[in-house]
Amino acid sequence: ALEAHGFHLSDFPAMKDASSGIEGGRSDRMKPDLFVLVRLAQAEALDALRAVRGNPLWRETRILLVDDKLRSEDAGTLLDAGADDCYQRAFLAPIFSARVRGLLRRTPAGEAEADPSVELRFGPGLRVRLLERQAATDGAVLTLSRRQFDLLVLLVGAKNTLVPAAQLIAVLSKSMLYASQDHLK
């Protein structure tokens, strides 16, 4: 259900395996968007919640618990312990993927929506501050040339839409005074 919507999945049998698998993985992205914890005993689920919320890289990561034996009082305890959502019923693929998409649309706790005239955001980690001409990903400030920054602003501001070649050429031509039209293209 999730792969059909373009999500990349990693499956781990236990939380300690997830920790070492994510941190030691080939990807340079050590910050998952969502943990889905399935059929864990309450003690295991509480340990997993503590592990995720205690890791500075994952503190804002969403957590969804799914267990067909989950009782309402257990769900309350898990939500209070840091789960973002939990439910007990077996699920249909469209409902499950809709729940996941809903969780991922939420703004992280304590983080206000960005003012698009001051800051642009893309995905869970990229922030582009327009007034300071500064870009950061997962808190690390990026060192960008003027051309790179201007291109980043153009592309992030497009929000998953196509950017016409003429706009890209206009941005590039500002910082490449002696470039020919063929070079720009």
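In case you missed it, the structure is sitting above this.
Residues numbered from 1 in each chain as written. Predicted model: local features only at pLDDT ≥ 70, side-chain atom pairs only at ≥ 80, totals over all residues. Heavy atoms only, no water.

Chemist: Any chance you could break down the overall build of the protein chain for me, citing the residues and the numbers?
Modeler: Summing up its helical and strand segments, the protein chain has seven helices and seven strands in all. Traced from its N-terminal end to its C-terminal end, the protein chain shows the element sequence α-β-α-β-α-β-α-β-β-β-β-α-α-α. Classification of the 185 residues of the protein chain by burial places 30% in the buried group. Total accessible area on the protein chain stands at roughly 12,200 Å², and carbon and sulfur atoms take up 54% of it. (Helix = DSSP H or I, 4+ residues; strand = E, 2+ residues; numbered from the N terminus. Buried < 20%, exposed > 50% of the residue type's maximum accessible area, 1.4 Å probe, protein only. Areas by Shrake-Rupley, 256 points an atom, 1.4 Å probe, with all protein chains shown as cover.)

Chemist: Lay out the sheet that holds strand S6 (residues 134-137) with the relevant residues and their values.
Modeler: In a beta sheet, neighbouring strands are held together by backbone hydrogen bonds and run either parallel or antiparallel to one another. Taking strand neighbours across the sheet as the criterion, the four strands line up as S4-S5-S6-S7 in an open arrangement whose pairing is antiparallel. At either margin of the open sheet sits one strand with a lone partner, and together these are strand S4 (119-122) and strand S7 (140-142). Strand-to-strand twist across the sheet, computed as the mean angle between neighbouring axes with direction ignored, equals 25 degrees. Two elements, S4 and strand S5 (residues 126-129), share four bridges in a ladder whose sense is antiparallel. Paired with Arg121 across the strands is Arg127, a residue of S5. (Pairing = 2+ DSSP bridges. Axes fitted to C-alpha atoms, helices over the stretch in contact; angles between N-to-C directions.)

Chemist: Lay out the nonpolar core with the relevant residues and their values.
Modeler: Grouped together as the largest cluster of nonpolar side chains are 18 residues, with contacts concentrated most on Met15, Phe35, Leu49, Ile63, Leu65 and Leu78. Contributing elements (two or more residues each) for this core: helix H1 (15-23), strand S1 (34-38), helix H2 (42-54), strand S2 (62-66) and helix H3 (72-80). No other element matches the five residues that H2 contributes to this core. Residues in contact with Phe35, not counting those within four places in the same chain, are Met15, Ile22, Val52, Trp58, Thr61, Arg62, Ile63 and Leu64. Of all hydrophobic cores here, the second largest spans eight residues; its members include Leu2, Leu34, Phe96 and Val100. (Core = buried A, V, L, I, M, F, W, Y, C linked by side-chain atoms within 4.5 Å. Contact = heavy atoms within 4.5 Å.)

Chemist: Please provide a residue-by-residue account of the environment of Ala18, values included.
Modeler: Here Ala18 lies in helix H1. Spatially, the C-alpha atoms of Ala18 and Phe35 are 9.6 Å apart, while their sequence positions differ by 17 residues.

Chemist: Mind laying out the packing of aromatic side chains, listing which residues take part and the relevant values?
Modeler: What the rule picks out here adds up to one aromatic pair. Here Arg99 stacks its cationic end above the ring of Tyr87, 3.9 Å away from the centre of that ring. (Phe/Tyr/Trp six-rings, centres within 6.5 Å; stacked < 30°, edge-to-face > 60°. Lys NZ or Arg CZ within 6 Å of the ring centre and 35° of its normal.)

Chemist: Before we move on, could you go through the sheet that holds S1 and cite the residues and values that matter?
Modeler: Judged by pairing direction, the sheet is parallel, and its three strands sit side by side in the order S1-S2-S3 without closing on themselves. The open sheet has two free edges, formed respectively by S1 and strand S3 (85-87), since each of these has just one partner strand. On average, each strand axis in the sheet is inclined to that of its neighbour by 15 degrees, with strand direction left out of account. Across the face of the sheet, H2 comes into contact with S1 and S2 while running at roughly 170 degrees to S2.

Chemist: Summarise helix H5 (residues 146-157); cite the residues concerned and give the values.
Modeler: Working note: α-helix, 3.6 residues per turn, so residues spaced by three or four point in the same direction. Helix length check: H5 (12 residues) gives 16 Å between terminal C-alpha atoms against 16 Å at 1.5 Å per residue, within 8%. Within H5, the full set of buried residues consists of Phe149, Asp150, Leu151, Leu152, Leu154 and Val156. Of the residues one or two after H5, Lys159 is the one with positive phi, at around 50 degrees. (Expected span 1.5 Å × (residues − 1).)

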